[in-house]
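One-letter residues, chain by chain:
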Amino acid sequence: MTTAAPSVTAPSTAQSVTAGGTDPARAYRYAGYRASGLWTPTSLADLVPEAAARHPERELFSFEGTRVTYGAFERWTRAVAQDLVRRGVRPGDRVLVQLPNRLEALAVQVAAFRAGAVDVPVIPIYREHEMRQIVADCRPAAVCTVDALGDRDPSAELDALFDEAGVTPAVRYLVGGERPGWTAVPGPEAADDAALPASADPAEPALLLYTSGTTAAPKGALLSHRAVVAHLVNFRDALGAGEDTVTLAATPLSHLGGFVAAVVFPAFLGGRSVVMAGWRPDDAVELIEAERVTLMMGATVFVTDLVERYRDRPEGHRLDTYACAGAAIAPEVVDRAAEVGVRVVRAYGMTETAGVLAIAAASDSLERRRAWDGRLLRGMEMTVVDDDGALVPPGTVGRLRIRGPQLLDRYTDPVVTAEQIDADGWFLPGDVGRVDDEGWVQIAGRTKDIVNRGGEKFSTMDIELAVASAPGVRRVAVTAVPDERLGEAVGAWVVLDDDARAAGVGPLLEHLAAQKLARAKTPVEWHVDAEIPATASGKIQKHALAGLTDLELWHAHRPARA
């Protein structure tokens, strides 16, 4: 008979209990978060103004050669926030930002906090297919997008979706062009002495983030100011970061990871960042040396690109620490990075925990850093249970449950909230793994059926529905397939009629393009089979797909990242 083990919890310094709800257990937990300095009175709206007051002339970030001080950024975000308020945006309203890596992506998101609104960053690769659901769910009071994105006109796309959903934003900002009903983002010269709303209560929502899960519709996760600040405190302490930390940000700025790396974490530290408009590995190596960058965070693809170049570049300053999260990383990659002087620290986290909840330290042994996905951060709890919900001993693989000060408050859909957060406050991420008795975490897989492509997570059901709607497709299953650079890519297994099989992959790709599916979701492997294994009830047995003998295997061109 197995003896149940208690949950594994990172150390906390809580000593007392304060009022906090009617549930005594929850009140104790919340008191612990406050007493240990993880929940603070700080709102995300306070970070830039307070840092600018301390050192206005200090550089906050550089962006493609443009250097911006704390003082200049404070004036710019104040101007945008004042404009939002004057034009009708109220505390609690949603501000949707869908921009490529532009300075405005940073200014408008921080301005949303300062106006008392909720920031809703959306990655630029999302098209009408995804944006229809997001617009209908968040119903933004303000929106900011770019005039052109490749062959797309995002403002026209959004106007059509607003009309369809019956949404009339009070503010529509357009970057880089003109369109009736849209205006330019105000510049710093527009700032005046008009008062802004008082800083939000730290318990109020700061961010609404859309993340794919096992269903076709993206889930809207609401994160409070205090949850994000708790992550900043923990991340700083785990990495030993401070005012001298220089961060390189190259991931999308309309995404939690890129936004935090570019401005939120540096402002919290009083440090600075170097922001790239897009990932260019050769330029990144030069920037890291010229700007004396010390820290970078992101998925596997970035560190593998850097390591390749460092092998041919024995001299010069190079990145010190790379925090790898968002996609699987092979132990061999950690080894190769160590050989060229880069300390990779693996981490585990997700949107719902405001970032990483477990991370290794650069000072930890290579053995630990290469094989484990980090140590639980302070205040974070994780239990591992079997299929019946019973606790298993430390070190045993099972289903993960997570709780702590960084956790989301809820989803916008109450049904999803009830499915993923239980009555005791445990979040059920759908991941499988183990935790040892020292709080080290190791992920073994996922029960959630998603593809994690370079840190972006996509619902396979969403893609399956789009593929299934193509002429000649009789049956389809979509799974992740290995990708050396991105960790995972999208693979499709299809049963086709004779005409569709004879036509090849071209018409399928054209159909998905016509469906306005994000290009990154397009399958790069197409396995054509006579049948797809299923249970008696018709449920596809995805674990058996790899064992099929394909009639044909088609490779499609890999989609662009943008």
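Remember, predicted model here, so these are calculated numbers, not experimental data. Note that residues are indexed from 1 along each chain, following the sequence as it is written. Local features in this predicted model are restricted to residues whose pLDDT is 70 or higher, and side-chain atom pairs enter the listing and the counts only when it is 80 or higher, whereas totals over whole chains, interfaces and linings include all residues. Working from all heavy atoms in the structure, the side-chain values ignore hydrogens and water.

1. Structural notes on the overall build of the protein
Thinking step 1. Segments assigned H or I by DSSP are reported as helices when at least four residues long, segments assigned E as strands when at least two residues long, and all are numbered from the N terminus. The helix and strand inventory of the protein stands at 16 helices and 27 strands.
Thinking step 2. The globule rule used for comparison is 2.2 Å times the number of residues to the exponent 0.38, while the radius of gyration itself is calculated over C-alpha atoms. Over its C-alpha atoms the protein spans a radius of gyration of 23 Å, differing by no more than 12% from the 24 Å that the globule rule assigns to 562 residues.
Thinking step 3. C-alpha atoms of the protein, sized along the principal axes, occupy 70 × 65 × 60 Å.
Thinking step 4. Burial analysis of the protein (562 residues in total) assigns 57% to the buried set.
Thinking step 5. Put simply, the protein has 58 plus and 76 minus side-chain charges, and the middle of one group is 2 Å from the middle of the other. Categorising residues by exposure relies on relative accessible area from a 1.4 Å probe, with only protein chains included: less than 20% of the type maximum marks a residue as buried, more than 50% marks it as exposed, and the intermediate range marks it as partly exposed. Note on charges: Lys and Arg go in the positive column, Asp and Glu in the negative column, and His and the chain ends are not counted at all. Every charge is mapped to an atom, namely NZ of Lys, CZ of Arg, CG of Asp or CD of Glu.

2. Quick look at the environment of E50
Thinking step 1. Along the chain, E50 falls in helix α2 (residues 47-54).
Thinking step 2. The exposure class of E50 is partly exposed, given its relative accessible area of 43%.
Thinking step 3. C-alpha of E50 to C-alpha of E74: the two residues are 24 residues apart in sequence and 9.2 Å apart in space.

3. Side note on the sheet that holds strand β2 (residues 59-63)
Thinking step 1. Strands are treated as partners if at least two bridges between them are detected by DSSP. The strand order across the open sheet built from 9 strands is β3-β2-β11-β10-β12-β13-β14-β15-β16, with neighbouring strands paired in mixed fashion. Since the sheet does not close on itself, it has two edges, and those belong to β3 (66-69) and β16 (375-376), each with one partner.
Thinking step 2. In terms of strand pairing, β2 meets strand β11 (residues 272-275) through 3 bridges, oriented parallel. Counted as the bridge partner of S62 is V274 from β11.

4. Focus: helix α7 (residues 225-239)
Thinking step 1. A helix is expected to span 1.5 Å for every residue after the first. Here α7 spans 21 Å end to end across 15 residues, near enough to the 21 Å set by a 1.5 Å rise per residue.
Thinking step 2. Burial analysis of α7 places 11 of its 15 residues in the buried class, the great majority of the element.
Thinking step 3. The set of residues buried in α7 consists of H225, R226, A227, V228, V229, A230, H231, L232, V233, N234 and F235.
Thinking step 4. Positioned one or two residues after α7, G240 has a phi angle of 65 degrees, which is positive.

5. Description of the packing of α2 against helix α3 (residues 70-86)
Thinking step 1. In contact at an axis separation of 8 Å, α2 and α3 are set at 140 degrees when each is read in the N-to-C sense. Here α2 is positioned oblique relative to α3, judged by the angle of their axes. The hand of the α2/α3 crossing is left-handed. Of the residues in α3, those touching α2 at V48, P49, A51 and A52 are Y70, G71, F73, E74 and T77.
Thinking step 2. Among the residues forming the contact of α2 with α3, the class breakdown is 6 nonpolar, 2 polar and 1 charged. In this description, a line fitted to the C-alpha atoms serves as the axis of each element, helices being fitted only across the stretch in contact, and the angle between N-to-C directions of two axes falls anywhere from 0 to 180 degrees. Roughly parallel means an angle under 35 degrees; roughly antiparallel means over 145; roughly perpendicular covers 65 to 115; every other angle is labelled oblique. Crossing handedness: left-handed means the near helix sits turned counterclockwise from the far one by under a right angle, and right-handed means the same turn made clockwise. By definition in these notes, contact holds between two residues if any of their heavy atoms fall within 4.5 Å. Gly falls in the polar group here, along with every residue not listed as nonpolar (Ala, Val, Leu, Ile, Met, Phe, Trp, Tyr, Cys, Pro) or charged (Asp, Glu, Lys, Arg).

6. Structural notes on the nonpolar core
Thinking step 1. Joining through side-chain atoms within 4.5 Å is the link that ties buried Ala, Val, Leu, Ile, Met, Phe, Trp, Tyr and Cys residues into a set, and such a set is a nonpolar core. By size, the foremost hydrophobic cluster in this structure holds 102 residues, and its most contacted members are F73 and F265.
Thinking step 2. Looking at this core element by element, the count peaks at 11 residues for helix α8 (residues 256-269).
Thinking step 3. Discounting chain neighbours no more than four positions away, the residues touching F73 are V48, L60, F61, V68, L106, A107, V110 and V263.
Thinking step 4. Core analysis: the next-biggest nonpolar cluster, separate from the first, contains 44 residues, V120, L161, A500 and L517 among them.

7. Digging into the pattern of salt bridges
Thinking step 1. Salt bridges are defined as contacts in which a side-chain nitrogen from Lys or Arg sits within 4 Å of a carboxyl oxygen from Asp or Glu. Counting across every chain of the model gives 35 salt bridges.
Thinking step 2. Its salt-bridge partner being R179, residue D159 comes within 2.7 Å of it at the nearest N-O pair. Of this pair, D159 sits in helix α6 (residues 154-165) while R179 sits in the loop between β7 (171-175) and β8 (205-211), and the two are 20 residues apart along the sequence.
Thinking step 3. Accessibility expressed as a relative area gives 28% for R179, which makes it partly exposed.

8. Things to note about the confidence of the model for the protein
Thinking step 1. For the protein, per-residue confidence averages 90 on the pLDDT scale, and 92% of positions sit at 70 or higher.
Thinking step 2. What pLDDT conveys is the predictor's confidence in a given residue, as a value from 0 to 100. Under a pLDDT of 50 for its full length, residues 1-6 has, in the predicted model, 7 contacts with residues more than four places off or in other chains.
Thinking step 3. Here residues 11-21 scores under 50 on pLDDT; set against residues more than four positions off or in separate chains, the count is 18 contacts.

9. Description of the side chain of Q98
Thinking step 1. Mapped onto the secondary structure, Q98 falls in strand β4 (residues 94-98).
Thinking step 2. The buried category is assigned to Q98, whose relative accessible area is 4%.
Thinking step 3. The term polar contact refers here to a pair of N or O atoms within 3.5 Å; inside protein, the definition further demands a hydrogen-donor-capable atom paired with an acceptor-capable atom, and it admits residues adjacent in sequence only when both atoms are side-chain atoms. Within the local environment of Q98, its side chain forms a polar contact with the backbone oxygen of Y126, the two atoms lying 2.9 Å apart.
Thinking step 4. Excluding residues that lie within four positions of it along the chain, Q98 makes contacts with V122, I123, P124, Y126, M131, C144, T145, V146, R152, L158 and S254.

10. Examining the pairing of β8
Thinking step 1. Judged by how many residues are buried, β8 sits mostly within the fold: 6 of 7 residues are covered.
Thinking step 2. Relative to strand β9 (residues 219-224), β8 runs antiparallel, the two sharing 6 bridges. The residue bridging Y210 from the neighbouring strand is G220, located in β9.

11. Remarks on the packing of aromatic side chains
Thinking step 1. A pair of Phe, Tyr and Trp rings is counted when the ring centres sit within 6.5 Å of each other, with Trp represented by its six-membered ring. The angle between the planes then sorts it: under 30 degrees is stacked, over 60 is edge-to-face, the rest tilted. Scanning the model with the defined rule gives 8 aromatic pairs in all.
Thinking step 2. Measuring from centroid to centroid gives 5.9 Å for Y30 and Y33, while their planes differ by 35 degrees, and the two rings are tilted. You can see Y30 and its partner Y33 sitting in helix α1 (residues 24-35), 3 residues apart, about one turn around the helix.
Thinking step 3. On the basis of relative accessibility, which here comes to 6%, the residue Y33 falls in the buried class.
Thinking step 4. Ring centres of F113 and F259 lie 6.0 Å apart, and the angle between their planes is 40 degrees; on these two criteria the pair is classed as tilted. On the criterion of sequence distance, the pair formed by F113 in helix α4 (residues 103-114) and F259 in helix α8 is long-range, its members being 146 residues apart. Across the pair, F259 and F113 agree in class, each one buried.
Thinking step 5. Clustering of aromatic rings is evident, with ring pairs tying together Y30, Y33 and W39.
Thinking step 6. Its guanidinium or amino end placed over the ring of W372, R368 lies 5.1 Å from that ring's centre, counting from NZ or CZ. To sit over a ring, a charge needs its Lys NZ or Arg CZ within 6 Å of the ring centre and within 35 degrees of the ring normal.

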